[in-house]
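Residue-level listing of the chains:
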Amino acid sequence: MSLKINAKNEIENLASQILFHKKLYYKGKSIISDAEYDALENRLTNLCAEHPILSIVGYPFEESNNKISHSIAMLSLAKTYSLEDIFDFISKNKCIAMDKIDGMALSIEYDENGNFLRASTRGNGKFGEDVTEHVYHIKDINKKINLVNNDRKIRIEIRGEVYFPLSEFPKFTDRFDSFRNAVPGTLGRKDVEEALDVLRILKFCVYDVIAFDKNNNYISARDFSELFSLEPDYYSKLKFLDKIGFYTSISHVQEIEKLKDLDSLKLFLNELYASSRDYQIDGIVFRLRDEIIWESLGNTAHHPRGSLAFKQAGDTAETEIQAIEVNVGRSGKISFRAKLNPVYLSGAKISYATLHNAEFIENGNYAVEAKVEIIRSGEVIPAILRLIEPAEKKFKLPTQCLCSFPLTRKGPDLFCLENPNCTFKDQESLVYYVSSLDIMGVSDKIVLKIREAGLVQEPADFYKLTVEDLLQIEGFAQKSSENVIAAIQGARKIPLAKFLTALGLKRGGAVKCQEVAKKCKTLNNVLKLKVEDLLIEKGWAQKSAEDFIDSLVNKEKIIQNLLEFVTIINDNSGLLSEEQKNHPYFGKNICITGALSRPREEYKAMLEKAGAKLVSAVSSKTDFLVCNESSSSSKYKDALKHNVKILTEAEFSEHL
Ligand SMILES: NC(=O)c1ccc[n+]([C@@H]2O[C@H](COP(=O)([O-])OP(=O)(O)OC[C@H]3O[C@@H](n4cnc5c(N)ncnc54)[C@H](O)[C@@H]3O)[C@@H](O)[C@H]2O)c1
Ligand SMILES: [Zn+2]
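Quantities reported herein were computed from a predicted structural model and do not represent experimental measurements. (Residues numbered from 1 in each chain as written. Chains lettered and ligands numbered in written order. Predicted model: local features only at pLDDT ≥ 70, side-chain atom pairs only at ≥ 80, totals over all residues.)

Observations regarding the overall build of the protein chain
Okay, step 1: A tally of regular secondary structure across the protein chain gives 25 helices and 24 strands.
Okay, step 2: Expressed as a percentage of its 656 residues, the buried residues of the protein chain come to 32%.
Okay, step 3: Taking as baseline every contact in the protein chain between residues at least 6 positions apart, the subset at least 24 positions apart corresponds to 67%. (Helix = DSSP H or I, 4+ residues; strand = E, 2+ residues; numbered from the N terminus. Buried ≥ 20, exposed ≤ 12 C-beta atoms within 10 Å, placed from the backbone. Contact = placed C-beta atoms within 7 Å.)

Looking at the UniProt feature "active site" (unreviewed entry) in the protein chain
Okay, step 1: On the UniProt side, "active site" (unreviewed entry) is annotated at positions that read K100 here.
Okay, step 2: Turning to its location among the elements, K100 is positioned in strand β3 (residues 95-101).
Okay, step 3: Ignoring any residue separated from it by four or fewer positions in sequence, one finds K100 in contact with I281, D282, G283, I284, V285 and A309. (UniProt positions renumbered as here; feature names shortened; annotations may be inferred.)

Some details on the UniProt feature "binding site: NAD(+)" (unreviewed entry) in the protein chain
Okay, step 1: The positions that UniProt labels "binding site: NAD(+)" (unreviewed entry) are, in the present scheme, D34, A35, E36, Y37, D38, S76, L77, R122, E161 and K311.
Okay, step 2: Within the secondary structure layout, D38 lies in helix α2 (residues 34-47).
Okay, step 3: Residue position: S76 is located in the loop between β1 (67-69) and β2 (79-80).

Looking at the environment of N643
Okay, step 1: One can find N643 in the loop between α24 (634-641) and β24 (645-647).
Okay, step 2: Given 9 C-beta atoms within 10 Å, N643 falls into the exposed group.
Okay, step 3: Between the alpha carbons of N643 and F624 there is a distance of 9.5 Å; along the sequence they are 19 residues apart.

What about the pairing of strand β4 (residues 104-110)?
Okay, step 1: Counting buried positions along β4 gives seven out of seven residues, so the element sits mostly inside the fold.
Okay, step 2: Burial along β4 is two-sided: the residues M104, L106, I108 and Y110 and A105, S107 and E109 are all buried.
Okay, step 3: Pairing geometry for β4 and strand β7 (residues 155-163), over six bridges, is antiparallel. Across the sheet, the residue bridging to S107 is R159, located in β7.
Okay, step 4: Counting the residues that bridge the hairpin from β4 to strand β5 (residues 116-121) gives five residues, and of these G114 lies at a positive phi of roughly 85 degrees. (Pairing = 2+ DSSP bridges.)

Thoughts on the sheet that holds β3
Sheet strands pair via backbone hydrogen bonds, and the direction of the pair is either parallel or antiparallel.
Okay, step 1: Taken in spatial order, the five strands of this open sheet run β2-β11-β10-β3-β9, and their pairing is mixed. Each of the sheet's edge strands pairs with one partner strand only, and the pair in question is β2 and β9 (254-255).
Okay, step 2: Relative to strand β11 (residues 307-310), β2 runs parallel, the two sharing two bridges. What sits directly across from K79, in β11, is A309.

Structural notes on the pairing of strand β15 (residues 371-376)
Okay, step 1: Strand direction decides the pairing type here: strand β12 (residues 315-328) and β15, joined by six bridges, are antiparallel. From the neighbouring strand, T319 faces β15, where its bridge partner is V372.
Okay, step 2: Where β15 meets strand β16 (residues 383-389), five bridges bridge the pair, whose relative direction is antiparallel. Paired with V372 across the two strands is L387, which belongs to β16.

Right, dumping it as structure tokens:
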């Protein structure tokens, strides 16, 4: 009896976890690897194969009115991690193998004259989100196709994967955390105009076509091939799509001839995985070549029976936990990470893995000296998969925050709630430190990511970062990591006023810090300042002077640690504000619209530095609209209406 209850609890627990992770995943925000997720689904399949949650396809976007109904359901794929399953599948049927592109499925419909009609996402398989507006701007998707011999006036629907080309990603790391969230993030945007620069570079790879006759009846595989004089064979269908102007990744589509045994299959797959492509794949799809048999096999509620995807488990390795480090997040939430005996996984040296929260540590019995298996599957920060051998001593969860105040337990997490001034949870101050120093190419978003990965606790930690550290964070490639490290290391000489501003001292805005720097000349003198010394200066009241000195004292340790890495240049303030005041954009309201060659965030930072204000709409108070081309956008029209000067990007950047 109790066993049954336990199993029931586990089933419910698994189902709710699966739903939870699905929701995050389809928003492009997954927090566990696919292998971890698939393990949950597998466990549920073993306990209760008919559980309804297992046949849910996708996860719909938030409620909206713009749903498009799919006349033929857009399904998922059957998946396996086992080579034997694949060998079995291809031994029974003549198959082809092709990339399973890690993007987002789209349905593109054309009318009987070959004109682009509308586009939708997969959604829950039956209804998708209308993304017609977005697709107008995706250059890679044809807006007109030419079907020769289309006497029967058939209508076709193309299905494929829209993806973010890898080579373009480095330009967008400050906007997106990963390839995965770049596509849903862009197609999910209500304001298409804001997403133009991304839409223009998205690529589309087609893997299927469906046809309908004048009366909207589905045209069978046999009729389709007769209609266009093709062999009823998937490969011929792809060639046909290629011919009418779609990209089909056909160069990566492999006909499978003779694979005698598992070893030759392994070799075959290794070669496929090793070939170079400008997109990420999350598997290889095996599909029956014969279109008529494929169609006759039909579908389950979840997937077509004639296709099977092979997924490669993320690489795993065994190692030992050397230490468990605590990190205070925004809102005071405590997260934990394991410092590991370094091991190499998928080409990267791994020294840390996330331990998530207090509950994860308790349930998994993780502790210093425990032997664990870790996994890295490309998408997420390395995670601990399981405990191999427990440690002798159990790990004692901390009772105090790094700020010495007691921690509060709430569900699975510990929080620092009792100290409103906890500097450790003061995430913003780290971002502030870097952004005040204007380290080129290191955006707030990058700092936050580094912070969230638990790699920095205080400003001095930035200077200890290595390329290898960054490579462990999702979205950081070799080149971008090298650039970030080079930028940080290149910014070690800091003028005094800037340094004081970057510390984020209470009442210590840029102007006040400039005055203090001018007065004191050296950091040593600043550290000796007393409240009375400030009170004799203009603009300091008792309270503000006290706050400033207090927070300077509080940050003394942080300052000392920084001095191990940075050199402070004695005062030369005053210069900056003169320079600012003379800048042509000083005090101006500037609006930017449409696609530009550089990320908007970069311009924003430059404008702020020049003392300009970036505004989101055009009104009579706006001084400039920056825009590369005339358009029908409301901002452009407003600019004409209010006589706002319109600058091209080139004109605009001349002064930056
Ligand atoms: N990490 C997580 O938290 C998490 C959560 C949920 C799901 N997932 C992962 O998502 C996957 C299940 O999601 P799914 O059902 O959306 O997709 P799927 O993996 O079942 O694959 C179906 C999709 O593959 C795409 N595709 C790419 N190339 C294709 C080709 N050549 N032929 C046919 N289809 C092709 C299509 O978009 C299609 O809709 C699993 O791999 C699972 O691990 C992960
Ligand atoms: Zn604290």
